[in-house]
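# Structural characterization, general
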Amino acid sequence: MTKSSGTILDGDSRPKGLGAGMGPSSGAQLLVAALEGEGVKRIFGVPGEENLDVVEALRHSSIELVLTRHEQAAAFMAATHGRLTGEAGVCLATLGPGALNLTTGAAYALLGAMPMVMITGQKGVLSRKQARFQIVDIVSTMTPLTKMAHRIVGNATIPSLVREAFRMAHQERPGPVHLELPEDVAAEEAPDVPLVPPHPTTLPVAHPAALDRAAQLIRAAQYPLVMLGAAASRPRLSAALSDFVRRVQIPFFNTQMGKGSVAGGSGLYMGTAALSARDYVHDCVDRADLIISIGHDTVEKPPFLMGPDGPTVLHVGYIPATVEEVYFPHAELIGDIGPSLALLAERLEGNLPRAGALLPLRDSILAHIAARATEHRYPLTPQRIVHDVRQVMPEDGIVCLDNGMYKIWFARNYRTRVANTLLLDNALATMGAGLPSAMMASMLYPDRRVLAVCGDGGFMMSSQELETAVRLGLNLVVLILEDNAYGMIRWKQAADGFADFGMTFGNPDFVTYASAYGMKGTRVADADGLAPALEAAFAAGGMHLVAVPVDYSENMRVLVEELGRVRK
Ligand SMILES: Cc1ncc(C[n+]2csc(CCOP(=O)(O)OP(=O)(O)O)c2C)c(N)n1
Ligand SMILES: [Mg+2]
């Protein structure tokens, strides 16, 4: 057994990866070589002493180690890498406390179907020189939070396990996987085993019989409506999906996570279901006799509630629908969604006289949603904030939301014309992911405007990552909505008839807070100040924080009184 770091990998002169006929000589080096073989460019994380062999191998690799200030942020970033590119993001943590800090990120990726690979360290397994110090059964902890959780106990298995981990992470339905590499296994000499290279895969397309059945249902419908769900936002799908909608001309609405998946101003958008019932978009949902539900994933808060007398639902998905009390499709079209939809469009194009039967409802739905968007009030209304943000964001700009009351307003009111330009989490719906997800978007798309939108509660759950963002030299604007409260819960409390209790807090002066990180900060001081502040922040480049006071009395007025009931 040799501790290889510093002996074989001497200095910085070694070629990247496995070059120059020099095979990896430790488990850690073999792991890093396998990650390079998967095309990994960056690893996000917080190492511990149990990862030091891996860190040393990374030092000599082509992979960049991106330190974060909390493991949770590393996982949110890696998951968002997977969500935006379709390629698993990778994060790294040490044993026990470090690995436990990845768990919320694991759940975020599992519920959100985001491919991610988590690597954690562990004390030696061949001997126990530190008894049970810091030892937690992380593989068991990760098992219900991942598609696969595995301890590496022998270096010969590393190439196949890494390949299997990426295969599992990417395979529909995508998600997180976990590999634990104990420090003595990492340091142990690696046998001469070849890497397992990835190969291109092609998903099966829906069966002709299923396509015929689906086409028949759609042709028979008097009021057909398309619903685009979370899986409609898979990066590989956007062109095919837009093409399908253009060819069949059936109006569509989307779930929160399906937003933007049809490109451009199709004229067929009927709204976003941010609530489960009785929002304006449900005017058309309630009238539809057939809903073609593309990529719906029941991790999302239900976009409509199926009942015994509701419309027929045709589920189009990479995988079959999960049956729920509120979602039990009557027919399914399963297979690679893009090519399956192309075959379906062939059967339908030019042959659907009732395609646009629900379109007459469109203007009134969209007009209701756009109401009061420019109201001159201070603190600003949520509608005004959404409106002003849309004004300064180009079509390809990316808005990344944390979780709070404003998410409902952005989901309902923010119009998107490009896939994955409003990133929100309607699956785990965790606070704290907004800033890290925006950091990842900004790293991947440095030429696009990226805006994180956070409540004053959620922002403070990951605000330490401002240091990471400044250190990485990112261009990013962070908008904080200040109500000095956990506003969403305060709203629910009021809507449910409880007394106003226990939901308010104080805040730091966000402008001073920003300057402590070496970034610029602005506080919006009047009703017309938001758009110019955001514009100036983007124009200046670099990291910028904008704080805006928000008036949440609109929550009650619109979402409870106007829409006629309290929603769960
Ligand atoms: C990690 C986590 N803790 C608690 C919650 C429950 N929760 C949902 S929204 C919310 C309040 C969010 O407050 P803030 O970020 O200030 O946004 P606001 O609603 O005030 O705009 C809470 C506590 C959650 N979703 N995630
Ligand atoms: Mg708040």
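This one's a predicted model, so the numbers in the text were calculated from it and none came from an experiment. (Residues numbered from 1 in each chain as written. Chains lettered and ligands numbered in written order. Predicted model: local features only at pLDDT ≥ 70, side-chain atom pairs only at ≥ 80, totals over all residues. Heavy atoms only, no water.)

Looking at the metal site, the magnesium ion (ligand 2) is ligated by Asp456 (OD), Asp483 (OD) and Ala485 (O), spaced 2.1 to 2.2 Å from it. Counting the intervening residues between successive donors of the magnesium ion (ligand 2) yields the motif D-x26-D-x1-A. Within this pair, whereas aspartate 456 is found in helix α17 (residues 456-459), its partner aspartate 483 is found in the loop between β16 (476-482) and α19 (487-495), the two being separated by 27 residues in sequence. (Donors = N, O, S within 2.8 Å, 3.2 Å for Na, K, Ca; no water. Helix = DSSP H or I, 4+ residues; strand = E, 2+ residues; numbered from the N terminus.)

What follows deals with the side chain of aspartate 551. Relative to the helices and strands, aspartate 551 is located in the loop between β18 (543-549) and α22 (553-562). Residue classification places aspartate 551 among the buried residues on the basis of a relative accessible area of 18%. At a separation of 2.8 Å, a polar atom in the side chain of aspartate 551 contacts the side chain of arginine 377. When near neighbours in sequence (up to four residues on either side) are disregarded, aspartate 551 contacts Arg377, Pro379, Leu380, Thr381 and Pro382. (Buried < 20%, exposed > 50% of the residue type's maximum accessible area, 1.4 Å probe, protein only. Polar contact = N/O pair within 3.5 Å; in protein donor to acceptor, adjacent residues only side chain to side chain. Contact = heavy atoms within 4.5 Å.)

Per the counting criterion, the structure on display carries 26 salt bridges. We note a salt bridge from arginine 557 to glutamate 554, for which the minimum N-O separation is 2.9 Å. Of this pair, arginine 557 and glutamate 554 both sit in helix α22, three residues apart, which is roughly one turn of the helix. Residues joined by salt bridges that share partners form a network here, namely Arg372, Glu375, Arg377, Asp551, Glu554 and Arg557. (Salt bridge = Lys/Arg side-chain N within 4 Å of Asp/Glu carboxyl O.)

To continue, consider the side chain of aspartate 456. At 8.5 Å, arginine 523 is the nearest oppositely charged side chain to aspartate 456, a buried residue that forms no salt bridge. Polar contacts involving the side chain of aspartate 456 include one to the main-chain amide nitrogen of aspartate 483, which spans 2.9 Å. For aspartate 456, the side chain forms a polar contact with the main-chain nitrogen of asparagine 484, separated by 2.6 Å. With sequence-adjacent residues up to four places away left out, aspartate 456 is seen in contact with Ile480, Leu481, Glu482, Asp483, Asn484, Ala485, Phe505, Asn507 and Phe510. (Lys, Arg positive; Asp, Glu negative; His and termini not counted.)

It is worth spelling out the site of ligand 1 at this point. Taken together, 18 residues form the shell around ligand 1, and within it Asp456, Gly457, Gly458, Gly487 and Tyr552 come nearest. A distance of 2.9 Å separates a nitrogen atom of ligand 1 from a polar atom in the backbone of alanine 429. Between glycine 457 and ligand 1, the recorded distance is 2.8 Å, taken from a backbone N or O atom to an oxygen atom. Protein chains bury 77% of the 580 Å² of accessible surface belonging to ligand 1 in isolation. Every element with two or more residues in the shell around ligand 1 is listed here: α17 and α19. Here the shell around ligand 1 is built from residues that sort into nine nonpolar, seven polar and two charged. (Near = heavy atom within 4 Å. Areas by Shrake-Rupley, 256 points an atom, 1.4 Å probe, with all protein chains shown as cover. Nonpolar A, V, L, I, M, F, W, Y, C, P; charged D, E, K, R; others polar.)

Across a sheet, paired strands are connected by hydrogen bonds in the backbone, their directions being either parallel or antiparallel. Overall, parallel pairing links the six strands, which are arranged β9-β8-β7-β10-β11-β12 in an open sheet. The open sheet is flanked by β9 (269-272) and β12 (331-334), the only strands paired with a single partner. If you compare each strand with its neighbour and ignore which way they point, the axes differ by 20 degrees on average. Sheet topology places strand β11 (residues 312-317) next to β12; four bridges connect them, and they run parallel. Across the sheet, the residue bridging to leucine 314 is alanine 331, located in β12. Lying on the sheet, helix α12 (residues 337-348) is in contact with β10 (290-294), β11 and β12; it crosses β11 at an angle near 130 degrees. (Pairing = 2+ DSSP bridges. Axes fitted to C-alpha atoms, helices over the stretch in contact; angles between N-to-C directions.)

Overall, the predicted model of the protein chain reaches an average pLDDT of 93, with 95% of residues at or above 70. For residues 1-21, every residue scores under 50 in pLDDT, and the model assigns this stretch 40 contacts once sequence neighbours within four places are set aside. (pLDDT = per-residue confidence, 0-100.)

To continue, consider unusual backbone geometry. The linkage connecting glutamate 172 with the following residue, arginine 173, adopts the cis geometry, with an omega of -10 degrees. Tracing the sequence through the fold places arginine 173 in the loop between α7 (158-170) and β6 (176-182). The omega angle of the peptide bond from tyrosine 378 to proline 379 is -10 degrees, so this bond is cis rather than trans. Even without being a glycine, alanine 113 presents a positive backbone phi close to 55 degrees. Within the secondary structure layout, alanine 113 lies in the loop between α5 (103-112) and β4 (116-122). On the basis of relative accessible area, alanine 113 is assigned to the buried category, the value being 7%. Although it is not a glycine, glutamine 134 adopts a positive phi angle of roughly 65 degrees. With respect to the helices and strands, the residue glutamine 134 is situated in the loop between β4 and α6 (138-142).

Burial of nonpolar side chains together is a common tendency in soluble globular proteins. Within the largest apolar cluster, 64 residues are counted, with the highest numbers of intra-cluster contacts made by Ile385, Val389, Val399, Phe410, Leu451 and Leu479. In terms of residue count, helix α21 (residues 530-540) provides more of this core than any other element does, six residues in total. Excluding anything up to four places from it in sequence, valine 389 contacts Val399, Phe410, Tyr414, Leu451, Leu479 and Leu534. With 50 residues, the next largest nonpolar core counts Met443, Cys454, Leu476 and Ala514 among its residues. (Core = buried A, V, L, I, M, F, W, Y, C linked by side-chain atoms within 4.5 Å.)

Spatially, six strands are ordered β14-β13-β15-β16-β18-β17 in an open sheet, and the strand pairing comes out parallel. In this open sheet, the two strands that pair with only one neighbour each are β14 (422-423) and β17 (520-523). As defined by bridge partners, strand β13 (residues 398-401) adjoins β14 across two bridges and the pair is classed as parallel. From the neighbouring strand, cysteine 400 faces β14, where its bridge partner is leucine 423.

Another aspect to go through is the pairing of β6. A large share of β6 lies buried, amounting to seven of its seven residues. Residues Pro176, His178, Glu180 and Pro182 line one face of β6 and the alternating positions Val177, Leu179 and Leu181 line the opposite face, and both faces are buried. Direction of pairing for β4 relative to β6: parallel, over a ladder of seven bridges. The residue of β6 that forms the bridge with valine 117 is valine 177. Bridging between strand β5 (residues 148-151) and β6 involves four bridges; their strand directions are parallel. Paired with histidine 150 across the two strands is leucine 179, which belongs to β6.

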